[in-house]
Amino acid sequence: MAAEDKEDRSVATLERALAILGTFEISPSQSLADLSRRTGLYKSTLLRLLGTLEKFGYIGQQDDGSYHIGVAALHLGSLYQRWIKPAELINPALRALVEETGESSSFNVQEGDLRVCVYRVDSPHKIRDHVRVGDLLPLRRGAAGKVLLAFGQERDDPAWNGLRADCFCFTKGEIEPDTAAIAAPVFAAGGVLEGVLAITGPAFRFSDDKVESMRLPLLRAALALSRDFGGRTEVLEAAVHRAQQAVPAA
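Below, the structure is looked at part by part. Quick caveat, the model's predicted, so the values are computed rather than measured.

## A few points about the packing of helix 8 (residues 208-228) against helix 9 (residues 234-246)
Moving on, step 1. Two numbers describe how helix 8 lies on helix 9: the axes approach to 9 Å, and their chain directions differ by 155°. Accordingly, the angle class assigned to the pair helix 8 and helix 9 is roughly antiparallel. Crossing of helix 8 against helix 9: the hand is left-handed. Contacts between helix 8 and helix 9 pair Arg215, Leu216, Leu219, Arg220, Ala222, Leu223, Ser226 and Arg227 from the former with Leu236, Glu237, Ala239, Val240, Ala243 and Gln244 from the latter.
Moving on, step 2. Taken together, the residues of the contact of helix 8 with helix 9 break down into eight nonpolar, two polar and four charged.

In structure tokens, the structure reads:
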């Protein structure tokens, strides 16, 4: 067999293995029959691939014979989080936002044409949105995605000038009809966008007054994180100042 043919077969095998892992977004526990139906692979082929994935820790098998994602996948996720920014900087900021606003908070980054939730702290409310760490969401819908676009790949588009000046975006019903979000940018050295802080929750709790009450805490958190990351903060400082001026006197 030619070397090129062997390489093609290796790539095809890798693609099949990744397709298997991808099906666990649908269900965290699957039988061999489930995997066969969702991947279109024969059970004999699946068993060979599952055996290799299990050997390296990417798949685990339960007592009833069903399969689940293995601990090696969790380790990869932790490496990705470490690459973004250390949890010891981001998670305290998220917890403080949840305590101050009562809503869920998250840190998001762009991945191609999508955005990914890298860190998240849930609201204490029983009724809340249910985005999880690792979820991939549309880049062009929702407050976090729009902030990523405005300060990222579309930073020269004048259509985003207002958002860039305010360092703030509010959306309602763009991801799910009954959810809402506000978001602000976080910068690294050189003014590069590091990621986006977002506060999310049920749309009925995001009244105009509530959104305005959450604007200043969000902007302050984004400013503090940007300073921690060594980023330029002039535009955030100006946005914080305007938000402070808009707060009614006690």
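## So, helix 5 (residues 87-101)
Moving on, step 1. Given a rise of 1.5 Å per residue, 15 residues ought to cover 21 Å, and the 21 Å separating the end C-alpha atoms of helix 5 matches this to within 8%.
Moving on, step 2. Three or more residues of helix 5 are buried, namely Ile90, Asn91, Ala93, Leu94, Leu97, Val98 and Thr101. For helix 5, the angular spread of the buried residues around the axis is 160°, confining them to a single face. In helix 5, those exposed residues whose orientation departs by more than 90 degrees from the buried face are Glu88, Glu99 and Glu100.
Moving on, step 3. Of the surrounding elements, those touching the buried residues of helix 5 are strand 3 (104-111), strand 4 (114-121), strand 8 (193-202) and helix 8.
Moving on, step 4. Looking one or two residues past helix 5, Gly102 carries a phi angle of roughly 80°, positive in sign.

Calculation notes
- Position labels on residues start from 1 in each chain and follow its written sequence.
- With the structure being a predicted model, the display of local features is reserved for residues of pLDDT at least 70 and the display and counting of side-chain atom pairs for 80 or more, all residues being used for whole-chain, interface and lining totals.
- To obtain the side-chain values, all non-hydrogen atoms of the structure were included, while hydrogens and water were left out.
- Between the N-to-C directions of two axes lies an angle of 0 to 180 degrees, each axis being a line fitted to C-alpha atoms and, for a helix, fitted only over the stretch in contact.
- Each helix corresponds to a stretch of at least 4 residues labelled H or I by DSSP, and each strand to a stretch of at least 2 residues labelled E; elements are numbered beginning at the N terminus.
- For classification purposes, angles smaller than 35 degrees are called roughly parallel, those larger than 145 roughly antiparallel, those between 65 and 115 roughly perpendicular, and all remaining angles oblique.
- For any helix crossing, the convention is left-handed if the near helix is rotated counterclockwise from the far helix by under a right angle, and right-handed if that rotation is clockwise.
- Whether two residues are in contact is decided by their heavy atoms, any of which lying within 4.5 Å being enough.
- Amino acids are sorted into nonpolar (Ala, Val, Leu, Ile, Met, Phe, Trp, Tyr, Cys and Pro), charged (Asp, Glu, Lys and Arg) and polar (every other residue, Gly among them).
- For a helix, the expected span equals 1.5 Å multiplied by the number of residues minus one.
- Accessibility here uses a 1.4 Å probe with only protein chains present; expressed as a share of the type maximum, an area under 20% marks a residue as buried, one over 50% as exposed, and anything in between as partly exposed.
- To obtain the arc, one takes the directions from the helix axis to the C-beta atoms.

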